[in-house]
Amino acid sequence: MTRTRTRVSPPDQACVAAVDVARAAAEELARPGEPGEHLGYEAEGDRIVTHYFACQDRAYRGWRWAVTVTRASRAKNVTVSEAVLLPGTGAMLAPEWLPWSERLRPGDLGVGDLLPTPDDDDRLAPGFTEAGDDSDHQMIFEYGLGRARVLSAIGKDRAARRWHSGEHGPHTPIAHAAPAQCSTCGFYWLLAGGLRQEFGVCANEYAPDDGKVVTADHGCGAHSEAAVMPPPVEQAMPILDDLGFDLIEEEAGSVDESATEELGHS
Ligand code: SF4
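Residues numbered from 1 in each chain as written. Predicted model: local features only at pLDDT ≥ 70, side-chain atom pairs only at ≥ 80, totals over all residues.

## A short note on the overall build of the protein
A tally of regular secondary structure across the protein gives seven helices and nine strands. The buried share among the 266 residues of the protein stands at 17%. (Helix = DSSP H or I, 4+ residues; strand = E, 2+ residues; numbered from the N terminus. Buried ≥ 20, exposed ≤ 12 C-beta atoms within 10 Å, placed from the backbone.)

Encoded structure:
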């Protein structure tokens, strides 16, 4: 095995000594006196040295000025090649740039916004490929019916997982406290297609999930059979017996007719 030796040339002493030249270049970009202490230098190649200065700007904590100086062969003058501000250890940096399609989050779409779906969006598939059987294929082809794209198996699977683990699924406090599951509730309106086995829409205006897709094992206290209300009690009409009569004994001391005469009543 042969060893490859890399020749490392010593740093050019004229470039190493040109700290003031480098500082002046950094001050031209920053403010006079802003570049701080000299942090050291690094040899970049033959007669090329980069000097580092602390950045004292409070907006750029952890950054440092890097000024590269150089010297032509057999020349005495050292000149500035470039001066930049570089992030050092602990420097605050902007997050890595992401295309909008990766930054987008559910709920970001606003009124009037348009969200294009790419041609190869794996949540969608050409409509005719998702038809149930051959007769469906034939009808869609012949009559041009149906939508251009429909949910693919991947799209359905992702939606089902999202709904199941979301706040209308079985793992929520309201579902745990429910007297029974949605699958037995009269307000549970089944979805069409294969998703009907697991999902429906809550159609109870008093339930917090009204209008939402809920799982069959979700539930809430507004379940149709949770507490059957007793029918209202109707007040019966009083019964008047106008045929029979009761004998009531005359009380002692009642006023008789002769006494009525004496008192002047007719
Ligand atoms: S009322 Fe409650 S139990 Fe009934 S479907 Fe809606 S969420 Fe489910």
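Once the structure has been displayed, the description carries forward.
## Here we look at the site of the ligand
Contacts to the ligand come from 14 residues, most closely from Cys 182, Cys 185, Cys 202, Asn 204 and Cys 220. Within the shell around the ligand, the residues separate by chemical class into nine nonpolar, four polar and one charged. (Near = placed C-beta within 6 Å. Nonpolar A, V, L, I, M, F, W, Y, C, P; charged D, E, K, R; others polar.)

## Thoughts on unusual backbone geometry
Even without a glycine there, the phi angle at Arg 47 is positive, about 55°. Along the chain, Arg 47 turns up in the loop between strand S1 (35-45) and strand S2 (48-55). On the basis of neighbour counts, which here come to 19 C-beta atoms within 10 Å, the residue Arg 47 falls in the partly exposed class. Even without being a glycine, Arg 74 presents a positive backbone phi close to 65°. When you line up the elements, Arg 74 lands in the loop between strand S3 (63-70) and strand S4 (79-87). Classification of Arg 74 as exposed rests on a count of 5 C-beta atoms within 10 Å.

## Some words on the sheet that holds S2
As summarised here, the arrangement of the four strands in space is S1-S2-S3-S4, forming an open sheet in which the pairing is antiparallel. Single-partner strands in this sheet number two, and they are S1 and S4. On average, each strand axis in the sheet is tilted by 20° relative to the strand beside it, whichever way the strands run. Inspection of the sheet shows S3 paired to S4 by eight bridges, in the antiparallel sense. Opposite Val 69, over in S4, you have Val 80 as the bridge partner. (Pairing = 2+ DSSP bridges. Axes fitted to C-alpha atoms, helices over the stretch in contact; angles between N-to-C directions.)

## With respect to the sheet that holds strand S7 (residues 188-190)
Ordered in space as S7-S8-S9, the three strands form an open sheet in which the pairing is antiparallel. The two strands at the open ends of the sheet, each matched to only one other strand, are S7 and strand S9 (213-215). On average, each strand axis in the sheet is inclined to that of its neighbour by 50°, with strand direction left out of account. Examined bridge by bridge, strand S8 (residues 199-202) and S9 share three bridges and lie antiparallel to one another. In the strand pairing of S9, Val 201 is matched with Val 213.

## Observations regarding the nonpolar core
Residues Ala 22, Ala 26, Trp 65, Val 67 and Val 69 are the most contacted members of the largest nonpolar core, which totals 17 residues. Tallying contributions element by element places S3 first for this core, with five residues. When neighbours within four sequence positions are excluded, Ala 22 is seen to be in contact with His 51, Val 67, Val 69 and Val 80. Counting 13 residues, the second-largest nonpolar core is a separate cluster that includes Ala 178, Cys 182, Tyr 188 and Cys 220. (Core = buried A, V, L, I, M, F, W, Y, C linked by C-beta atoms within 7 Å. Contact = placed C-beta atoms within 7 Å.)

## Structural notes on the pairing of S8
Where S7 lies against S8, three bridges are found, and the strand directions are antiparallel. Bridge assignment links Trp 189 to a residue of S8, and that residue is Val 201.

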